[in-house]
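Now for the letters of each chain:
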Amino acid sequence: MALARAAGRAGAAAALALLWLLVCAPGDAGCRFLTVADLFDRVIRHSGRIHSLSTALYAELEKHFPPRDNELGKPARKCHTSGMLTPNGKEYAQKIPREELTHLILKLLQAWKEPLSHFNQHIEHHQELPDDSLSKAKQISNMVHELKTGVEKVTEKMQSMGIISNSLNGMASSEATGLSISNEANMMSDSDFIHCFRRDSNKVQSYLKILKCRIMPANSC
């Protein structure tokens, strides 16, 4: 049974990876593989949708769970990804080597996968939240998993074309995971958690745009 479930998950992951590479559904007439520019456009749009969802969910959480009087003016809890060195501003991000910027994007996405899964399970117990808010939380968790797969496909494409080196293989997963990170995230309030995620999702989208411009200078950066 366990082997069957593992095989099912592997098959689903392979199907998801293939869909990122195709401009249509597998089997359709005229189906073709995407160029690296097309792949960048897809992941950038996907990251934009994630950021929009997190912004809407944050507003809803603030509405349903306003800070209590003794919490007003209280500094927000430190985000669990604050220990990651990330460039502030476009100027600094443009100076980072392509491999490092790609690695940073994957690290951020990996660091949020497990905490988002826990958050999605936790928030389902808030009976006062509307179904639409619960749906947003689930969408965000699923879409981050999809985005990481998409960025991995972009990375593989860039490596096969010699745009970046193969030094990234396995680095993001090994560096960004850890029980302490997940525990720290789980200790935050719901609104602080989504506030932190919204901040990082905006970074991911910005870094993807900068990386695309660095690789394809014909696009205005």
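That block above? That's the structure.
Criteria and thresholds
Residues numbered from 1 in each chain as written. Predicted model: local features only at pLDDT ≥ 70, side-chain atom pairs only at ≥ 80, totals over all residues. Heavy atoms only, no water. Helix = DSSP H or I, 4+ residues; strand = E, 2+ residues; numbered from the N terminus. Buried < 20%, exposed > 50% of the residue type's maximum accessible area, 1.4 Å probe, protein only. Contact = heavy atoms within 4.5 Å. Salt bridge = Lys/Arg side-chain N within 4 Å of Asp/Glu carboxyl O. Disulfide = S-S within 2.5 Å. Core = buried A, V, L, I, M, F, W, Y, C linked by side-chain atoms within 4.5 Å.

Peer 1: What is the right way to read the environment of lysine 90 from this model?
Peer 2: With respect to the helices and strands, lysine 90 occurs in helix H3 (residues 90-93). On the basis of relative accessibility, which here comes to 43%, the residue lysine 90 falls in the partly exposed class. For the pair lysine 90 and serine 206, spaced 116 residues apart in sequence, the C-alpha to C-alpha distance is 7.8 Å.

Peer 1: What is the right way to read the environment of leucine 116 from this model?
Peer 2: Tracing the sequence through the fold places leucine 116 in helix H4 (residues 98-123). Look at leucine 116 and you get buried, because its relative accessible area is 2%. Sequence separation of leucine 116 and phenylalanine 193 is 77 residues, and the distance between their C-alpha atoms is 9.1 Å. Aside from chain neighbours lying at most four places away, what touches leucine 116 is Ile140, Ser141, Val144, Phe193 and Phe197.

Peer 1: Explain the pattern of salt bridges to me, please; I cannot follow it from the model alone.
Peer 2: When the charged atoms of two side chains lie near each other, side chains of opposite charge can form a pair. In total, this model carries 7 salt bridges according to the counting rule given. A salt bridge links arginine 199 to aspartate 200; its shortest N-O distance comes to 3.0 Å. By relative accessible area, which is 29% here, arginine 199 ends up partly exposed. Since its relative accessible area comes to 2%, aspartate 200 is described here as buried.

Peer 1: Is there a simple way to think about the state of the cysteines in this case?
Peer 2: A disulfide bridge is the covalent bond that connects two cysteines by way of their sulfur atoms. Under the defined criterion, the tally for this structure stands at 1 disulfide. The side chain of cysteine 79 participates in a disulfide bridge whose partner is cysteine 196; the two sulfur atoms lie 2.0 Å from each other. Across the S-S bond of cysteine 79 and cysteine 196 the torsion is about -85°, and the bridge reads as left-handed. Taken as a pair, cysteine 79 in the loop between helix H2 (36-64) and H3 and cysteine 196 in helix H8 (residues 190-215) lie far apart in primary sequence, 117 residues in all. Comparing cysteine 79 with cysteine 196 shows no difference in burial state: the two are buried.

Peer 1: Would you mind going over the nonpolar core with me for this structure?
Peer 2: Soluble globular proteins tend to pack their nonpolar side chains together in the buried interior. In terms of nonpolar packing, the biggest core is built from 50 residues, with Phe40, Ile105, Phe119, Val151, Met158 and Leu208 touching the most fellow members. Taken together, the elements giving at least two residues each to this core come down to H2, H4, helix H5 (131-160) and H8. When residues of this core are assigned to their parent elements, the largest contribution, 11 residues, is made by H4.

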